[in-house]
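For reference, the chains in residue letters:
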Amino acid sequence: MITLSWNTFRSRWQLFLGAIVCVAVGVALVQSSLQVLAATASPSIPPGLTPWQEADLRDTYDGATTLMGMTTFLAAFLAVFVVSSTFAFTVAQRRRELALLRLVGGSTGQLRTLLLAEALLLGVCGTVLGIPLGEPLVGVQVWLLSELGFVPGGLTTEHASWVVLTAGGTGIGVALLGVLTASRRAAKVRPLEALRSEDGIRQVMTPARWFFGLGFLACSALLVVLSAGVSLLFAVALSMMLTITGAIALSLLSPLAVPLVGRLFGLVLRANTLGGLAEANLRDGVRRSAATAAPLIVLVSLLLGLFGALSSLARASGEEQKQIVDADLVVASTGAEADRIAGVPGVALASPEIAVPMILTKNVVDVDSGDPEQEEQHTGIIAVDPDAYQRTHRTEVSAGSLADLHGPAIVLTGLSEQRIDLGAPVEANLNGQVSTLHVVAVLPERLSAAETALVPRDQVPRDVLASAQAQTAVKVAPGTDPATVADAIRAAGIGTVSTLADWAASSSTQQQDFNVRTMVVLMGLSGLYALIAVVNAVVMAGADRKREFAVVRVAGLDRGQVVRMALVESWAVAAIGLFLGALVVAGTMLGVAAGIYHAVGSFVVVVPWQLTTVVTLGAFAVVGVTSALTTWSATRVEPVRLVVARE
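As the structure is a computational prediction, the values presented were derived from the model and not from experiment.

Q: I would appreciate a short explanation of the overall build of the protein chain in the present structure.
A: Per the secondary structure count, the protein chain includes 21 helices and 13 strands. In the protein chain, which comprises 647 residues, the share counted as buried stands at 50%. The long-range share in the protein chain, meaning contacts at least 24 apart out of those at least 6 apart in sequence, stands at 85%. Surface summary for the protein chain: the accessible area is close to 28800 Å², and the carbon and sulfur share equals 62%.

Q: Can you help me understand the pairing of strand S10 (residues 433-443) in this one?
A: Strand residues, when the strand is regular, have side chains that alternate between the two faces of the sheet. Summarising the sheet, strand S6 (residues 399-400) and S10 pair through 2 bridges and their orientation is antiparallel. What sits directly across from Gly400, in S10, is Ala441. As defined by bridge partners, strand S7 (residues 409-413) adjoins S10 across 5 bridges and the pair is classed as parallel. Counted as the bridge partner of Leu412 is Val442 from S10. If you look at the hairpin formed by strand S9 (residues 425-430) and S10, you'll find 2 residues sitting between the two strands, and Asn431 has a positive phi there, around 55°.

Q: Honestly, empty space enclosed by the protein in this entry has me stumped. Any pointers?
A: Any empty space left between the atoms is revealed when a probe the size of a water molecule rolls over them. Enumeration over the complete set of coordinates arrives at 7 cavities of 30 Å³ or more. Considered as a void within the structure, the largest cavity measures approximately 160 Å³ in volume. If you go around the largest cavity, you meet 15 residues; those closest to its centre are Val538, Ala541, Arg545, Ser570 and Ser627. Taken together, the elements giving at least two residues each to the lining of the largest cavity come down to helix H12 (286-324), helix H17 (500-543), helix H19 (559-600) and helix H20 (609-634). Of the residues forming the lining of the largest cavity, the biggest block, 4 residues, is contributed by H19. Residue composition of the lining of the largest cavity, by class: 5 nonpolar, 7 polar and 3 charged. Its boundaries defined by the atoms lining it, the second largest cavity holds a volume of some 60 Å³. The wall of the second largest cavity is formed by Val82, Ser85, Thr86, Phe89, Ala291, Pro295, Ala533, Asn536, Ala537 and Met540. Elements with a contribution of two residues or more to the lining of the second largest cavity: helix H3 (51-93), H12 and H17.

Definitions and cut-offs
- Residues numbered from 1 in each chain as written.
- Predicted model: local features only at pLDDT ≥ 70, side-chain atom pairs only at ≥ 80, totals over all residues.
- Heavy atoms only, no water.
- Helix = DSSP H or I, 4+ residues; strand = E, 2+ residues; numbered from the N terminus.
- Buried < 20%, exposed > 50% of the residue type's maximum accessible area, 1.4 Å probe, protein only.
- Contact = heavy atoms within 4.5 Å.
- Areas by Shrake-Rupley, 256 points an atom, 1.4 Å probe, with all protein chains shown as cover.
- Pairing = 2+ DSSP bridges.
- 1 Å grid on protein atoms, 1.4 Å probe; cavity = no way out; pocket = protein on both sides within 12 Å on 5 of 7 lines; lining within 4 Å.
- Points joined across faces, edges and corners; volume = space filled by probe spheres on them.
- Nonpolar A, V, L, I, M, F, W, Y, C, P; charged D, E, K, R; others polar.

Below, the structure written as structure tokens:
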């Protein structure tokens with residue numbers, strides 16, 4: 001059987017080419033992501049930095065490490081999903097060939113050995129091609145991280161043997177796992193039954209496909225329900241998980257949607273000969289259509305689901321700020337300029353919030369385990385005038401009181417998975433000067449991370465406050481026009497003035513810009529991989545239909561009509577994939593909206609219409625062009641030669 005596998009692989013390399021490409025790209029993605037992940041996890045910190053600058057740089061690398069960890073996970077998930085679906089389709093296309101082996105005496109064990117040996121050869125070929133491809137992808141990912149501001153320039157990566165071995169093992173392992181289920185199913189088919197050319201839904205929806213499809217669907221529904229009753233952090237995590245479980249569920253159950261869509265298309269196109277043929281092909285080629293729709297479902301689910309969730313969180317953070325801040329204007333300036341705002345005519349109250357370059361070492365307790373933990377924090381530490389802050393903010397505390405924020409005191413923001421005890425000591429390091437503060441209050445978890453710790457201004461040296469960045473909430477005197485006061489502040493040369501609504505919108509825009517950059521890193525190469533899988537599925541489906549196309553040409557259709565028939569069919573499949581992916585996105589947005597409502601008391605949903613339009617038009621364009629070219633190539637041979645040929 002090993003020799004037969006090698007001979008089959010050599011003689012039918014065109015059939016396996018798509019699977020080899022999928023394995024190679026998957027290996028390259030995993031390798032590059034792991035290599036960049038290793039570089040950001042153990043970065044080189046230049047000497048001569050202040051403790052705060054070093055902590056800020058390390059925090060930057062930690063964020064990049066988290067992002068690359070998510071990228072690595074997505075790359076591995078897509079590799080497993082794409083390669084598995086590709087192998088399943090490849091094995092399904094060879095049912096007649098495998099049945100002939102059964103007829104001449106091949107056992108089920110020998111058949112599975114044949115397919116596993118072919119998968120091993122494919123995995124080795126894909127790995128050998130993918131590892132060299134991973135090196136330029138490393139450069140692309142490092143360039144993206146640097147250009148988008150996630151890491152400083154000059155990040156260097158080292159060629160680690162464990163990365164290559166892991167990526168190579170992933171390629172071979174994914175190839176073997178991808179063909180394992182398909183080989184088991186192919187080996188169990190009775191020879192005479194397998195010789196039939198039917199490809200209906202009954203053959204596609206196997207018991208395993210029903211079990212896992214309905215199982216993942218139930219899991220997805222459970223995630224939506226759970227997200228409505230947990231904290232925002234967990235709601236977002238559950239919704240992100242839904243993009244994966246939902247994509248898997250609807251990909252497995254997509255053969256159920258193909259006949260339904262075929263009938264719907266038939267209502268519109270049945271009067272037309274090409275439309276009627278496309279409808280019949282859609283209903284008959286369920287396996288082919290499902291294999292083409294699967295990567296589209298995953299692409300739409302991940303890309304639009306993640307981007308929509310992040311966009312909704314960005315919009316909700318602005319809404320939260322408008323609920324919390326009770327002011328007419330917001331002024332961005334330095335600390336020294338902020339002290340001048342109170343003297344501007346028409347200003348009734350000015351509450352500056354000054355970002356302090358301080359490192360906090362705080363003690364928290366893990367809620368699940370009850371174990372004490374020590375954490376460092378250097379972002380979101382804000383120096384405030386406690387009295388003015390309370391008069392310009394509608395802030396509720398989870399514990400303690402803001403009235404106690406004076407002297408060596410601090411207010412921290414709590415997280416759902418942590419407990420912060422009142423009175424706990426917090427070590428504050430400001431340019432090497434260490435002091436001890438005590439927790440007097442705990443704020444609830446917020447969407448915006450702009451301020452996560454509050455300290456009294458008198459605990460920070462004046463020179464530090466004067467040069468730091470400040471944001472001042474301003475209340476104007478009763479009967480005074482805020483626009484007049486804003487003009488007076490500008491005339492005094494004090495920072496940038498915004499209305500509360502404009503400031504909140506600007507904060508959302510900044511967060512959205514960060515989300516866009518995150519999605520470029522997270523889904524850029526992974527989205528390209530999913531797109532390659534879509535093209536590969538269309539090519540495999542079209543290349544296997546030469547005899548079918550020849551039959552309809554003999555029946556009276558010309559070459560152009562065959563191409564148009566295949567184009568209509570491929571667009572119908574694209575519509576199926578986009579629709580099912582949109583259902584996953586809807587579930588994801590529902591979960592995120594429930595979490596946001598739990599946090600801010602209102603539903604905030606942002607539908608990424610522009611990205612949706614680009615993805616939709618791009619999917620139809622890519623699928624349509626690929627289908628037309630593949631069909632044109634498949635119809636080059638004279639139809640009579642293919643019709644009379646014996647398989």
